[in-house]
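# Inside the fold
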Amino acid sequence: MSKGKVYLVGAGPGDPKLITVYGLECIQKADVIVYDRLISKELLEHAKQDAELIYCGKLPGKHELIQEQIHETLVEKALEDKVVVRLKGGDPFVFGRGAEEAEVLKNQGIPYEVIPGITSGIAAPAYAGIPVTHRDYASSFAIVTGHGRADKQTDTINWAALAQGIDTIAFYMGIKNLPYICQKLIEHGKNRKTLVSVIQWGTTPSQVTITGNLETIVDEVKKNNITHPAIVLVGQVVEMRDKIKWFEDVVKHKSNK
């Protein structure tokens, strides 16, 4: 049986122009595109007219296709000798389960490539005018899942190392657990006045950025009705936002044209 090929493509953080050149080329030649909820639908406009588009978006508690079904779909379509693009928000290997999909393809003997994408933990702060590193504020940066349960039996995060050893921390999927995140950082030695920024729908025209500190950010999120998708950025680099924020000006300029 002949086999096609699967491309695990990072679509970037939301702005469709932030996809890589190679990622866009893969979309343009794909026979099948298996895509996630948070990718820009504008990217699908570059697909061939007869390309098969398969949505596999996930919402909390509501998955269109469970992960095992996604694996089966990738294998099935590749075994039909098709070029398959698995189009994932951000980067396939940053909380994207791309490694699990690559492992399945490897075990099935199906050729594949991994096309990195710009991850939202860097891109969303950049669009908010916040560098994740800065020689005056931060020489270290960590990306952490904020989606884990606030439960001692399942919490595997080394909070002491994060609180005391990392200057800038980006929490993905952390809105629901934000009170717990702030509590654990303070408990393990992070100054309670450490600045925090929450960036919703980063890099898109719907982007909203709010700031506070570890004591106040939970109330700010509630007051501003911030929900997922959002990046929580903890660190004094947030100070830079007032000095170099730019994206709001670009959006405002476009809207005034």
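All values derive from a computational prediction rather than experimental measurement. (Residues numbered from 1 in each chain as written. Predicted model: local features only at pLDDT ≥ 70, side-chain atom pairs only at ≥ 80, totals over all residues. Heavy atoms only, no water.)

This next bit is on the nonpolar core. Counting 24 residues, the largest nonpolar core has L162, F171, L185, V198, I217, V232 and V234 as its most contacted members. At the level of secondary structure, the elements contributing two or more residues to this core comprise β8 (141–145), α5 (159–165), β9 (168–172), α6 (178–187), β10 (195–200), α7 (217–223) and β12 (230–234). Element by element, the count of residues in this core is highest for α6, at five residues. If near-sequence neighbours (up to four positions away) are discounted, V232 is found in contact with I169, A170, F171, G174, I175, L178, V196, S197 and V198. Listed in part, the 17 residues of the second largest apolar core include A30, Y35, L44 and L87. (Core = buried A, V, L, I, M, F, W, Y, C linked by side-chain atoms within 4.5 Å. Buried < 20%, exposed > 50% of the residue type's maximum accessible area, 1.4 Å probe, protein only. Helix = DSSP H or I, 4+ residues; strand = E, 2+ residues; numbered from the N terminus. Contact = heavy atoms within 4.5 Å.)

Time to look at the sheet that holds strand β3 (residues 52–55). Taken together, the five strands give an open sheet; going across it, the order is β3-β2-β6-β1-β7, and neighbouring strands pair in parallel fashion. Only two strands of the sheet have a single neighbouring strand rather than two, namely β3 and β7 (112–115). Averaged over all pairs of adjacent strands, the angle between their axes in this sheet comes to 15 degrees, without regard to strand direction. Note that strand β2 (residues 32–35) and β3 share four bridges and pair parallel. Along β3, the bridge assignment pairs V34 with I54. Packing of helix α1 (residues 21–29) onto the sheet brings it into contact with β1 (5–10), β2, β6 (83–88) and β7, and relative to β1 it is tilted by some 135 degrees. Seen against the sheet, helix α3 (residues 98–107) touches β1, β6 and β7 and runs at an angle of roughly 170 degrees to β1. (Pairing = 2+ DSSP bridges. Axes fitted to C-alpha atoms, helices over the stretch in contact; angles between N-to-C directions.)

The subject of this paragraph is the domain arrangement of the chain. Accessible area lost during the coming together of the parts is what is often quoted as the interface size. Taken as a whole, the chain is organised into domain 1 (5–115) and domain 2 (120–248). Between the C-alpha centres of domain 1 and domain 2 the distance comes to 28 Å. Counting from both sides, the interface comprises 10 residues of domain 1 and, opposite them, 14 residues of domain 2. If you look at where domain 1 meets domain 2, you find two residue pairs in polar contact (both at pLDDT 80 or more). Across the side of domain 1 that touches domain 2, the residue classes break down as seven nonpolar, one polar and two charged. (Domains from an automatic or database assignment. Polar contact = N/O pair within 3.5 Å; in protein donor to acceptor, adjacent residues only side chain to side chain. Nonpolar A, V, L, I, M, F, W, Y, C, P; charged D, E, K, R; others polar.)

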